[in-house]
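# Tertiary structure, described
Now for the letters of each chain:
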Amino acid sequence: MSLLKHADLGEERESLWSPPRDPALQPSSNLWDEAQERRATQAMRVVYGGVVITIPAGSRYYVDSFERVLIGFHGTYDPPSDMG
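Quick look at the structure, then. (Residues numbered from 1 in each chain as written. Predicted model: local features only at pLDDT ≥ 70, side-chain atom pairs only at ≥ 80, totals over all residues. Heavy atoms only, no water.)

### Thoughts on the overall build of the chain
Within the chain, the secondary structure is distributed over one helix and six strands. Secondary structure elements in the chain, listed N-terminal to C-terminal, are α-β-β-β-β-β-β. The buried share of the chain, reckoned over its 84 residues, is 32%. Contacts in the chain between residues far apart in sequence, at least 24 positions, make up 39% of those at least 6 positions apart. Counting only carbon and sulfur atoms, one obtains 53% of the accessible surface of the chain, whose full area is about 5,500 Å². (Helix = DSSP H or I, 4+ residues; strand = E, 2+ residues; numbered from the N terminus. Buried < 20%, exposed > 50% of the residue type's maximum accessible area, 1.4 Å probe, protein only. Contact = heavy atoms within 4.5 Å. Areas by Shrake-Rupley, 256 points an atom, 1.4 Å probe, with all protein chains shown as cover.)

Here it is, written out as structure tokens:
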């Protein structure tokens, strides 16, 4: 049960970090304190706020402990930035 609670992104999830309905798209996250660096081996398509963010092959990005891509304000991913 605690694992499921940890996976829930809360109320904000509904507005920006909602899981995609299309299985070809990857989910995004806002669990900033879990950031782990990755490098895209191929182009990735991630949903953030209902928009598809494309991360080109070879680009750096960050994930949470569930391997969801961290996407920040205006679709930033390297690094995911806040509004400040």
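### Notes on the pattern of salt bridges
Throughout the structure, instances matching the rule amount to four salt bridges. A salt bridge links Asp64 to Arg68; the nearest nitrogen and oxygen atoms lie 2.8 Å apart. Here the two residues Asp64 and Arg68 agree in accessibility, since each one is buried. Each of Glu37, Arg60 and Asp78 takes part in salt bridges that share partners, so that together they form one network. (Salt bridge = Lys/Arg side-chain N within 4 Å of Asp/Glu carboxyl O.)

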